[in-house]
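Results of the structural survey
Each chain is listed here by its residues.
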Amino acid sequence: MTHPIAPDAVVHVSGLTKRFGSFTALDSVDVTITRDKIHGLLGRNGAGKTTLMQLITAQDFPTHGDVRVFGETPMENAGVLRHVCFIKESQKYPEDWRVKHVFASAPHFFENWDADFAERLIADFRLPTRRPIKKLSRGQLSAIGVIVGLASRAPLTFFDEPYLGLDAVARQTFYDRLLEDYADHPRTVVLSTHLIDEVANLLEHVIVIDEGRILIDSAADDLRGSATTVVGMRRVVDAFVADREVLHRDGVGGLASVTVGRLDDAERRAALEAGLELSPVSLQQLVVHRTHAGSAAFEVSA
Amino acid sequence: MIEEGKPIFVQIAEQIENDVIDGAIEEETQVPSTNEFAAFYRINPATAGKGVNRLVEDGTLYKKRGIGMFVAAGARERLLAKRRGEFRAEYLEPLLAEAAKLSITTDQLTDMIRTEGTQP
């Protein structure tokens, strides 16, 4: 089966499978990443997010399937890879490097590198540039990655859980600078994260992966309101949700709280007239319900 | 500021409408740019743009080439008329439903509104 490649596709993946021994990390994945949009790549640990990004950035070979980046195969393709920046959770640097060495070498890898912007970000994150990298805290290491990812201005930038150890203030700085700079220099960004509540409003497109398969691939706007929680007396709730797909069910005593799909205006009015309360479901809750995960699998943002 | 359950671009459009209705942005003056809205509300610029475009399409805003977006003449009156039309469904019906649930009669409700309405 062949899929037509959309003209604004920066990445096109079809039938992509990756096995490690008997474990299937990605199972025949079809997905498109669109030019100049901020994408969220969401899912539980071990769902296949990092594997997918590694295959797209030619850090590993697929078992089956096809990957196209800017219309070409990325494997050993320097012309493609110099337009790609991949920021991962634990980047390794040469043993004897200081922070300033990272920023001195970055312009050689990224042709759009903005040294002034990097300087501003270094000040924003209060990064000590003379300090040896092995003496940095976890948060300072993450700050290096975030700064490289932003100042590289690569046409295709991946942030794979970029903020381990970054506190709430530093994460907000990252989101603010990302939005500002993206507005001035639109580019394709893929943000892989567990902190869904924090980034939900930044995303234009959401891809959710679970057990190696794509579970949601949708515009962020379309996902808002795609699920609703109905709360009220158990028998009234049960009657209302009777023939609907239930995403989640909770209850205490005679009360029930049931999450179902999208309700239209008439259905909402009917629910309110029946004395039920309706509450919206956040992207994070939606992902938790759809991936059948306990909420403990996702960090709760402050 | 941004709430769940409602598309963000709709909320951005409503926020600008509110600013026009209460006079925070006057007719024939410039509204902030899409990127300024995006930075202020911490939302995706494309989403902010969608909210602004919605108001361009219904004639609340208009575009001056190379300068930006401006509030159209007469926009405030048109928005007031639209919101008055929505008032019944948005406010009156839920009010009456809640009043019925609590066995508040229409007369009692009318009295409450009169009393509240005369508060300074």
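Quick caveat, the model's predicted, so the values are computed rather than measured.

1. Quick notes on the overall build of chain B
For chain B, the helix and strand inventory stands at five helices and two strands. Tracing chain B from N to C terminus, the helices and strands come up as α-α-α-β-β-α-α. Taking 120 residues into account, the globule formula puts the C-alpha radius of gyration at 14 Å, and chain B, at 18 Å, lies well above it. Seen through its principal axes, chain B has C-alpha atoms that stretch 55 × 30 × 25 Å. Residues classed as buried in chain B amount to 29% of the 120 residues present. Counting only contacts in chain B whose residues sit at least 6 apart along the sequence, the fraction spanning at least 24 positions is 56%. Surface exposure of chain B reaches about 7700 Å², of which carbon and sulfur atoms provide 53%.

2. Some words on the overall build of chain A
Each helix and strand in chain A was counted, giving 11 helices and 13 strands. Relative to the compact-globule value of 19 Å for 302 residues, chain A shows a C-alpha radius of gyration of 22 Å, a close match. Overall, chain A is about 65 × 45 × 40 Å in size when its C-alpha atoms are taken along their principal axes. The buried share of chain A, taken over its 302 residues, is 49%. The contacts in chain A between residues at least 6 apart in sequence include a share of 66% that link residues at least 24 apart. Summed over all atoms, the accessible surface of chain A reaches about 14400 Å², with 49% contributed by carbon and sulfur.

3. Digging into the domain arrangement of chain B
Often, the extent of an interface is quoted as the loss of accessible area upon association of its parts. What the domain assignment lists for chain B is domain 1 (8-75) and domain 2 (86-118). Placing a centre on the C-alpha atoms of domain 1 of chain B and another on those of domain 2 of chain B gives a separation of 33 Å.

4. What to know about the sheet that holds strand β6 (residues 156-160) of chain A
Residue and element names in this part refer to chain A. Here six strands make up an open sheet; going across it, the order is β5-β6-β7-β3-β8-β9 and the pairing mixed. Two strands close off the open sheet at either side, each with one partner strand: β5 (84-87) and β9 (213-219). For this sheet, the mean angle separating the axes of adjacent strands, direction not counted, is 15°. Looking at chain direction, strand β3 (residues 38-42) and strand β7 (residues 188-192) are connected through four bridges and run parallel. Its bridge partner being in β7, H39 is matched across the sheet by V190. The strands touched by helix α5 (residues 138-151) within the sheet are β5 and β6, with β5 carrying the most contacts at an inclination of about 165°.

5. So, a positive patch on the surface
Together, A:R98, A:K100, A:R130 and A:K135 make up a positively charged patch on the protein surface. Looking at the element boundaries, A:K135 is found in the loop between α4 (115-124) and α5.

6. Some words on a nonpolar patch on the surface
Residues and elements named next belong to chain B. A cluster of nonpolar side chains, namely F87, Y91, L92, L95, L96 and I113, defines an oily patch on the protein surface of about 570 Å² accessible area. No other element matches helix α4 (residues 75-101), which puts five residues into the nonpolar patch. Residue position: L92 is located in helix α4. Of the residues examined, L92 reaches a relative accessible area of 31% and is grouped as partly exposed.

7. Examining the sheet that holds strand β12 (residues 255-261) of chain A
Residue and element names in this part refer to chain A. As summarised here, the arrangement of the four strands in space is β11-β12-β10-β13, forming an open sheet in which the pairing is antiparallel. Looking along the sheet, the strands with just one partner apiece sit at the ends: β11 (246-252) and β13 (277-280). The mean inter-strand angle of the sheet, taken between neighbouring strand axes irrespective of direction, is 20°. Of the strand pairs in this sheet, β11 and β12 are connected by six bridges, and their pairing is antiparallel. In the strand pairing of β12, H248 is matched with T259. Helix α9 (residues 234-241) contacts β10 (227-233), β11 and β12 of the sheet and is inclined by roughly 145° relative to β10. Helix α11 (residues 283-290) contacts β10, β11, β12 and β13 of the sheet and is inclined by roughly 100° relative to β11.

8. Details of the interface of chain A and chain B
Facing 18 residues of chain A, the contacting portion of chain B comprises 18 residues. Between chain A and chain B, roughly 1500 Å² of surface is buried when both sides are summed, and carbon and sulfur atoms account for 51% of that area. When the buried area of chain A at its contact with chain B is split by residue, A:N201, A:D221 and A:R224 rank highest and sum to 41% of it. Remark: the boundary between chain A and chain B carries two salt bridges. The salt bridge partner of A:D221 is B:K50, with a shortest N-O separation of 3.0 Å.

9. What about the packing of aromatic side chains?
Summed over all chains, the structure comprises nine aromatic pairs over all chains. Through a chain of ring-to-ring contacts, three or more aromatic side chains come together here, namely A:F159, A:F174 and A:Y175. Against the face of A:F240 rests A:R244, its NZ or CZ located 5.1 Å from the ring centre. It is B:K64 that lies over the ring of B:F70; its NZ or CZ is 4.1 Å from the centre.

10. Describing unusual backbone geometry
Residue and element names in this part refer to chain A. Not every positive phi belongs to a glycine, and D36 is a case in point at roughly 60°. Inspection of the secondary structure puts D36 in the loop between β2 (23-34) and β3. Phi is positive for F70, which is not a glycine, with a value near 50°. Tracing the backbone through its elements, the reader meets F70 in the loop between β4 (64-69) and α2 (78-81). In this structure F70 comes out as partly exposed when scored by relative accessible area, which is 26%.

11. Side note on the side chain of A:T229
Residues and elements named next belong to chain A. Within the secondary structure, T229 is located in strand β10. Of the residues examined, T229 reaches a relative accessible area of 11% and is grouped as buried. A distance of 2.9 Å separates the side chain of T229 from the side chain of T259, its partner in a polar contact. In this view, T229 contacts S257, V258, T259, E277, L278, S279 and V281; residues no more than four positions away in its chain are not counted.

Thresholds, definitions, all that
- Residues numbered from 1 in each chain as written.
- Chains lettered and ligands numbered in written order.
- Predicted model: local features only at pLDDT ≥ 70, side-chain atom pairs only at ≥ 80, totals over all residues.
- Heavy atoms only, no water.
- Helix = DSSP H or I, 4+ residues; strand = E, 2+ residues; numbered from the N terminus.
- Rg over C-alpha atoms; globule rule 2.2 N^0.38 Å.
- Buried < 20%, exposed > 50% of the residue type's maximum accessible area, 1.4 Å probe, protein only.
- Contact = heavy atoms within 4.5 Å.
- Areas by Shrake-Rupley, 256 points an atom, 1.4 Å probe, with all protein chains shown as cover.
- Domains from an automatic or database assignment.
- Pairing = 2+ DSSP bridges.
- Axes fitted to C-alpha atoms, helices over the stretch in contact; angles between N-to-C directions.
- Patch = residues over 30% accessible without salt bridge, like charges linked within 9 Å, V, L, I, M, F, W, Y side chains within 5 Å.
- Salt bridge = Lys/Arg side-chain N within 4 Å of Asp/Glu carboxyl O.
- Lys, Arg positive; Asp, Glu negative; His and termini not counted.
- Charge placed at Lys NZ, Arg CZ, Asp CG, Glu CD.
- Buried area = accessible area lost by both parts, 1.4 Å probe.
- Phe/Tyr/Trp six-rings, centres within 6.5 Å; stacked < 30°, edge-to-face > 60°.
- Lys NZ or Arg CZ within 6 Å of the ring centre and 35° of its normal.
- Polar contact = N/O pair within 3.5 Å; in protein donor to acceptor, adjacent residues only side chain to side chain.

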